[in-house]
Amino acid sequence: MNLFYKTSFVYDMSKSKILVTGGLGYIGSQTVLSLLDSGFEVVILDKNQPKEYQNFAYIVDFERVDLLNIGDLERVFKKYKIEVVIHFAAFIEVGESQLKPEKYYKNNVVGTLNLLTIMHRYKVNKIVFSSTAAVYGFSGVELIDENQPRNPISVYGRTKSISEDIINDFCKIHGFSAFSLRYFNACGADPQTRTGEDHNPETHLIPCILNAIANNVTFKIFGNNYNTPDGTCIRDYIHTTDLASAHILATKYLMDLTTSGFYEVVNLGTGQGFSVSQIVQSVEQVTGCKVLVEFVDRRPGDSDRLVASNQKAKKILNWEPQSNLYQIIKTAWEWYQKIKLK
Ligand code: UFG
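Residue positions within a chain follow its written sequence, with the count starting from 1. The predicted origin of the model limits local features to residues at a pLDDT of at least 70 and limits the giving and counting of side-chain atom pairs to 80 or more, whereas totals for whole chains, interfaces and linings rest on all residues. Side-chain numbers come from the whole structure's heavy atoms, not from hydrogens or water.

It is worth spelling out unusual backbone geometry at this point. Going from N200 to P201, the amide bond is cis rather than trans, its omega being 0°. Helix numbers and strand numbers start at the N terminus; a helix is a DSSP run of H or I with at least 4 residues, a strand a run of E with at least 2. The topology assignment puts P201 in the loop between β7 (185-187) and α6 (205-215). One non-glycine residue, K123, adopts positive backbone phi at about 55°. Along the chain, K123 turns up in the loop between α4 (101-121) and β5 (126-132). Partly exposed residues are those whose accessible area sits between 20% and 50% of the maximum for their type, while under 20% is buried and over 50% is exposed, using a 1.4 Å probe and protein chains only. K123 gets classed as exposed once you look at its relative accessible area, which sits at 73%. Non-glycine residue T193 carries a positive phi angle of around 50°. Topologically, T193 is positioned in the loop between β7 and α6. In this structure T193 comes out as buried when scored by relative accessible area, which is 16%.

A few words now on the site of the ligand. For this purpose, a residue is taken to be near a molecule or strand whenever a single non-hydrogen atom of the residue falls within 4 Å of it. If you check the shell around the ligand, you find 21 residues, and the closest are T132, N185, R235, R299 and D302. Within 3.5 Å is the distance limit for a polar contact, defined as a pair of N or O atoms, with the added protein rule that one can donate a hydrogen and the other accept it, and that residues adjacent in sequence qualify only through two side-chain atoms. One of the backbone N or O atoms of T203 is found 3.5 Å from an oxygen atom in the ligand. Contact between the ligand and F222: an oxygen atom at 2.9 Å from a main-chain N or O atom of the residue. Here the accessible surface of atoms and residues is derived via Shrake-Rupley with a 1.4 Å probe, and residues count as covered only by protein chains that are part of the display. For the ligand, whose accessible area on its own is 680 Å², the fraction buried by protein is 90%. For the shell around the ligand, the elements supplying multiple residues, two or more each, are α6 and β8 (219-222). The leading source of residues in the shell around the ligand is β8, at four residues. Ten residue types, Ala, Val, Leu, Ile, Met, Phe, Trp, Tyr, Cys and Pro, are classed as nonpolar, four, Asp, Glu, Lys and Arg, as charged, and the remainder, Gly among them, as polar. For the shell around the ligand, the residue count by class is 13 nonpolar, four polar and four charged.

To continue, consider the side chain of T331. Inspection of the secondary structure puts T331 in helix α10 (residues 325-340). Overall, T331 belongs to the buried group, its relative accessible area being 8%. Among the polar contacts made by the side chain of T331, one reaches the side chain of H239 at a distance of 3.1 Å.

For the chain, per-residue confidence averages 94 on the pLDDT scale, and residues scoring 70 or more make up 96% of the total. Predictor confidence is given residue by residue as pLDDT, running from a minimum of 0 to a maximum of 100. The criterion used for residue contact is that any of the two residues' heavy atoms lie within 4.5 Å. Note on residues 1-13: pLDDT under 50 across the span, and 21 contacts to partners over four residues away in sequence or across chains.

Below, the discussion takes up the packing of aromatic side chains. Two measures describe an aromatic ring pair: the distance that separates the ring centres and the angle between the ring planes. Planes of paired rings set the category: under 30 degrees apart is stacked, over 60 is edge-to-face and the rest tilted, where pairs are Phe, Tyr or Trp rings (Trp by its six-membered ring) whose centres lie within 6.5 Å. Evaluation of the coordinates by the stated rule reveals nine aromatic pairs. Within the aromatic cluster, the residues linked to one another by ring pairs are F179, Y253 and F262. Above the face of the F91 ring, K103 is positioned so that its terminal group lies 4.6 Å from the ring centre. The ring of Y226 carries the charged tip of R298 above its face, separated from the ring centre by 3.9 Å. Here, a charge over a ring means that NZ of Lys or CZ of Arg falls within 6 Å of the ring centre while also lying within 35 degrees of the ring normal.

Moving on to the packing of α6 against helix α8 (residues 276-287). Angular values range over 0 to 180 degrees, each being the angle between N-to-C directions of two axes fitted as lines to C-alpha atoms, with helices fitted over their stretch in contact. The contact between α6 and α8 brings their axes to 11 Å, and the two run at 50°. In terms of their interaxial angle, α6 and α8 are classed as oblique. For α6 against α8, the interelement crossing comes out right-handed. Across the interface between the two elements, L205, I206, I209, L210 and I213 from α6 touch V276, I279, V280, V283 and T287 from α8. For the contact of α6 with α8, the residue count by class is nine nonpolar, one polar and no charged. Oblique is the label for any angle not under 35 degrees, not over 145, and not in the 65 to 115 range, which are roughly parallel, roughly antiparallel and roughly perpendicular in turn. Each crossing gets its handedness from the near helix: less than a right angle anticlockwise from the far helix is left-handed, clockwise is right-handed.

Turning our eyes to something else, we now look at the nonpolar core. By convention a nonpolar core is built from buried Ala, Val, Leu, Ile, Met, Phe, Trp, Tyr and Cys residues, the set being connected through side-chain atoms within 4.5 Å. Core analysis: the largest hydrophobic core is formed by 62 residues, its most contacted members being F179, L181, I206, F219, L268 and I279. When sequence neighbours within four positions are dropped, the list of residues in contact with L268 reads L181, R182, Y183, F184, I238, L243, A246, H247, A313 and W319. Grouped together as the second largest cluster of nonpolar side chains are 27 residues, L19, V109, I118 and I167 included.

Below, the structure written as structure tokens:
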């Protein structure tokens, strides 16, 4: 896919680099691959070592740095000419954030502040921030647009909401330009199985269903009495390759900007919702395997329905999701078989 089809500009990308924090993570690594496929020069910053299958990490500049270590962070900005930062690095487990708020505020909020501080010091003032639909909390509306009030119900969601505010202030006061991209339910894997979902512990819906199939155990659906047609929660499942393409479009948008102080919040979702039971049925269709289902109690903090309005992303970024649910599950299953059933 040519991500540059909407522009007539040709960048001399050898001169500057895109710094991707959390570039070894689930969405970060897919974005790194898409950036490389599109010809960008990338520096990955991550506090973890590449996993054995992450071959791409050995062909790009890789800096093993924790955002809490400001000295190491500064060394990276001294070493490279960075034009735009794409900031993924964060802890993402909602449940854990409720038990260890200090861990989440420190890593996600202080880490972001450190990054912005060093960016400002080195006059790097363009950032694409990885935010989340969790900033909306319980929203009663059918399609959530960016004007819906933020009301995060978890510490995790609050760390992202606070980070958005800090970035917005850096735009207003220090002339930064930024996008906060609020993802709905990220899923799927790289179609070439170069990277994919590999959390430990795994709590997300699709890999949990695949786990149940692979281990021949019952899959537990959390609640069947929600205010939805089949009683199970509805979410907006968006392929990581589509998230990656949105990051590239946002990066290019910032590169093209000639003014400073730009800040926009953009939802990234398909605009279509599927219930948990519908996802189970789709997984059965794609894998050809039966899923043994058990309904259990609701999981605290789950809302009935979270589906994006993606009109703003279409308008501002010219972004259109390319993958459907079949492709999401197919790539997730191929990835699962590659790394878990080898
Ligand atoms: N679910 C089950 N059983 C499981 C796992 C999940 O029934 O074993 C259900 C959940 O209860 C929920 C749905 O599947 O109704 C999706 O759950 P996920 O854990 O996959 O995702 P969430 O919607 O809870 O959250 C994800 C991200 C958040 C982000 C949110 C945005 O983890 O960071 O999407 O919509 F904020």
